[in-house]
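Analysis of the macromolecular model
Each chain, written out:
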Amino acid sequence: MPDPEVVIVGAGPGGLAAALHLGRAGINTLLVDQATFPRDKVCGDGISGWSVDILKKLNPGIIDELTLQPYSLDSWGVRFVAPNLKSIDIPYKPKNHERPDQPAGFIIKRSHFDNFLWEKVKQLGVVTSIEGLRIENFTYCGDKIMLSDRSGKTKITTKLAIIADGAQSVLAKKLNGTVLSAEKKHHMAGIRAYFKGVQDNHAKNYIEMHFLKRLLPGYFWIFPLPNDQANVGIGIRSDKVSRHKINLRELLDEVIRSNNHLNKRFVKAEKITPAQGFGLPLGSKKRMLSGRNMMKVGDAAGLIDPFTGEGIGNAMASGLYAAQHAIDCIQKDDFSKNTMLAYDHLVYHKLGHELRLSTTLQNLLHFPWLFNLVVNKAGKNDQLKDLISSMFVDPNIKSRLKNPLFYLKLLFG
Ligand SMILES: Cc1cc2nc3c(=O)[nH]c(=O)nc-3n(C[C@H](O)[C@H](O)[C@H](O)COP(=O)(O)OP(=O)(O)OC[C@H]3O[C@@H](n4cnc5c(N)ncnc54)[C@H](O)[C@@H]3O)c2cc1C
């Protein structure tokens, strides 16, 4: 059998987006994952408007299909709860939303979402897949790269590897010599549990982010799911978790127990899975994203939004850009380090502005009174609410939050 033109390691949203694009372009691709699908992935399960935009680019029919799935819940906005416990409801304002019947976002357990995309890849009939194979090493072999498992018995040779093995990426560590979780100021620790019977969720399934003072920079969330279930969790930046020796499992229970606005909603609720944790490598730091014969995507590249903790959209976007660049490289038969660098530029050109803005917003969380101020004023001012709503889709509007004048104007009406 000839070597695959591209090998993708990891079938999360990043690897699957790359596989969908390469498969549609007819490129002989191999997709490998250590797990057998369907598999769980610790996540908040929120599929934002940005993720929906990328899904439409990958396959416009996907959104209609997802809407019909019993495991998927349409979501129309986000509720922010400020440190002073005042809240604002911000509807999503999707760009180019020609179909108002289509939801702006979804909440879907990752076991379902990733499996749905994996099935879409299989249906293309171009991408070969191997499940239950963990790749742990790479070496160069002439003008190719050879990927192998721990024993070295399984070897796969290709001209191009897309590294999509997530937050604990062994291949990114080997390429860059650093572990993503060691960069604690650019990393978040997250924990989630599934609950049944949480009351008083938003009628239009808004996701809820509670920026409680003791969790900053970080937050507690409730994301509703079908069948009266909800994904409930906490994410806090890892430097704070280490400094204060925080036990996230204990904290999750304590936050629900000790906050009146939350505990009354959990009176009839039951935790149906134990709390599980996982890391979130944040995009608050610029990193090398490629090397000779390889590109990193998604969490392996550290592209999670530092303010919201959202990573699915950027994982799929980087998967798409990597696949587009892969097609260029194949046409030119050039996989050199320099040529691969064009992928780094593309990713930071497309996502860098947004990541920088979100880093600024995360830094503003050191001043909880500013957050309180914005939420207080927005509660009384529809124009401001509209402005915040647009910030989710328009970085130029979001950048106003960086400007001190914005807060002065708010203070003085
Ligand atoms: C607690 C928590 C809550 C979150 N909530 C949200 C949210 O609500 N919305 C959102 O947008 N983002 C959220 N995120 C972030 C989101 O989960 C990630 O950004 C996203 O999963 C990244 O996708 P990926 O494809 O890069 O990696 P992953 O989804 O992690 O996929 C990596 C894949 O690689 C496989 N793999 C790993 N190592 C190997 C190996 N050596 N060989 C072969 N296969 C391998 C794994 O089995 C997996 O299938 C959350 C993260 C956490 C931890």
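Residues numbered from 1 in each chain as written. Predicted model: local features only at pLDDT ≥ 70, side-chain atom pairs only at ≥ 80, totals over all residues.

Our next topic: helix α4 (residues 110–124). If you check α4, its first and last C-alpha atoms are 21 Å apart, about what 15 residues at 1.5 Å a residue would give, namely 21 Å. Restricting attention to buried positions, one finds in α4 the residues Arg110, Phe113, Asp114, Leu117, Trp118 and Val121. When α4 is viewed along its axis, its buried side chains cluster within an angular range of 130° and face the same direction. Facing away from the buried side of α4, by more than 90 degrees, are the exposed residues Glu119 and Gln123. Turning to α4, the residues buried within the fold contact α1 (13–24), β2 (29–33), β3 (46–47), β7 (105–108) and β8 (127–131). Trailing α4 by a residue or two, Gly125 shows a phi angle of about 75°, which is positive. (Helix = DSSP H or I, 4+ residues; strand = E, 2+ residues; numbered from the N terminus. Expected span 1.5 Å × (residues − 1). Buried ≥ 20, exposed ≤ 12 C-beta atoms within 10 Å, placed from the backbone. Arc of directions from axis to C-beta. Contact = placed C-beta atoms within 7 Å.)

Our focus in this paragraph is the sheet that holds strand β10 (residues 144–148). Here we have three strands laid out as an open sheet, ordered β9-β10-β11, and antiparallel in their pairing. The sheet is open, and its two edges are formed by β9 (137–141) and β11 (155–158), each paired on a single side. Direction aside, neighbouring strands of the sheet carry axes that sit 25° apart on average. By the bridge criterion, four bridges tie β10 to β11 in an arrangement that is antiparallel. (Pairing = 2+ DSSP bridges. Axes fitted to C-alpha atoms, helices over the stretch in contact; angles between N-to-C directions.)

For the rest of this paragraph, the subject is the site of the ligand. Around the ligand, a shell composed of 42 residues is seen, among which Gly12, Gly44, Gly190, Gly298 and Gly311 lie nearest. Breaking the shell around the ligand down by element, the ones donating at least two residues are α1, β2, β13 (187–196), β16 (229–237), β18 (276–281) and α9 (312–332). Grouping the amino acids of the shell around the ligand by side-chain chemistry returns 17 nonpolar, 16 polar and nine charged. The residue makeup of the shell around the ligand includes at least three contributed by each of domain 1 (6–75 + 95–181 + 283–361) and domain 2 (184–281). (Near = placed C-beta within 6 Å. Nonpolar A, V, L, I, M, F, W, Y, C, P; charged D, E, K, R; others polar. Domains from an automatic or database assignment.)

Pairing is mixed across the open sheet formed by six strands, whose spatial order is β8-β2-β1-β12-β20-β19. The open sheet has two free edges, formed respectively by β8 and β19 (290–291), since each of these has just one partner strand. Two strands pair when backbone bridges link them, and strand β1 (residues 6–9) and strand β12 (residues 160–163) are joined in this way by four bridges, in the parallel orientation. Paired with Val9 across the two strands is Ile163, which belongs to β12.

The domains assigned to the chain are domain 1 (6–75 + 95–181 + 283–361) and domain 2 (184–281). Distance from the C-alpha centre of domain 1 to the C-alpha centre of domain 2: 26 Å. Counting residues at the interface gives 22 residues for domain 1, matched by 23 residues for domain 2. At three residues, strand β4 (residues 72–75) tops the list of elements feeding residues into the side of domain 1 that touches domain 2.

So, on to the packing of helix α2 (residues 49–58) against α9. Axis separation between α2 and α9 bottoms out at 8 Å; the angle between their running directions is 30°. One element, α2, and the other, α9, form an angle in the roughly parallel class. Remark: the crossing between α2 and α9 carries left-handed chirality. Each of Trp50, Ser51, Ile54, Lys57 and Leu58 in α2 lies in contact with α9, whose residues at this interface are Ile312, Gly313, Met316, Ala317 and Leu320. Tallied by class, the residues present in the contact of α2 with α9 amount to seven nonpolar, two polar and one charged. (Parallel < 35°, antiparallel > 145°, perpendicular 65-115°, else oblique. Left-handed = near helix turned anticlockwise from the far one by under 90°.)

In this structure, Ile8, Val9, Ala18, Ala161, Ile162, Ile163 and Val297 are the most contacted members of the largest nonpolar core, which totals 109 residues. Ranked by residue count, the leading element in this core is α9, at 10 residues. Once residues lying within four places of it in the same chain are set aside, the contact partners of Ile8 are Gly15, Ala18, Ala19, Thr29, Leu31, Val32, Ile162 and Ala164. (Core = buried A, V, L, I, M, F, W, Y, C linked by C-beta atoms within 7 Å.)

Moving on: the pairing of strand β6 (residues 87–91). Side chains of β6 alternate between two faces, with Ile88 and Ile90 buried and Ser87, Asp89 and Pro91 left unburied. Bridging between strand β5 (residues 77–81) and β6 involves five bridges; their strand directions are antiparallel. Bridge pairing links Val81 to Ser87 in β6. Turn length for the β5-β6 hairpin, with the two strands adjacent in sequence and antiparallel, is five residues, and the turn residue Leu85 shows positive phi of about 70°.

The alternating pattern of strand β14 (residues 207–210) places Ile207 and Met209 and Glu208 and His210 on opposite faces, both of which are buried. Here four bridges tie β5 to β14, and the two strands are oriented parallel to one another. Bridging from a neighbouring strand, Arg79 pairs with Glu208 of β14. Bridge analysis of β14 against strand β15 (residues 218–224) gives three bridges, and the strand direction is antiparallel. Counterpart to Met209 in the pairing with β15 is Trp221.

Glancing now at the packing of α1 against α4. Two packed helices can be described by the angle between their axes and the distance between those axes. Here α1 crosses α4 at 20°, and the two axes come no closer than 9 Å. In terms of their interaxial angle, α1 and α4 are classed as roughly parallel. When the axes of α1 and α4 are compared, the crossing they make is left-handed. Each of Pro13, Leu16, Ala19, Leu20, Gly23 and Arg24 in α1 lies in contact with α4, whose residues at this interface are Asp114, Leu117, Trp118, Lys120, Val121 and Leu124. Residue classes in the contact of α1 with α4 are distributed as eight nonpolar, one polar and three charged.

This part takes up unusual backbone geometry. Peptide bonds are, in most cases, trans, and in most cases residues other than glycine have a negative phi. The peptide bond linking Phe37 to Pro38 adopts the cis configuration, its omega dihedral lying at 0°. Tracing the backbone through its elements, the reader meets Pro38 in the loop between β2 and β3. Going from Leu216 to Pro217, the amide bond is cis rather than trans, its omega being -10°. One can find Pro217 in the loop between β14 and β15. We note that Asp228 has phi near 60°; this positive angle belongs to a residue other than glycine.

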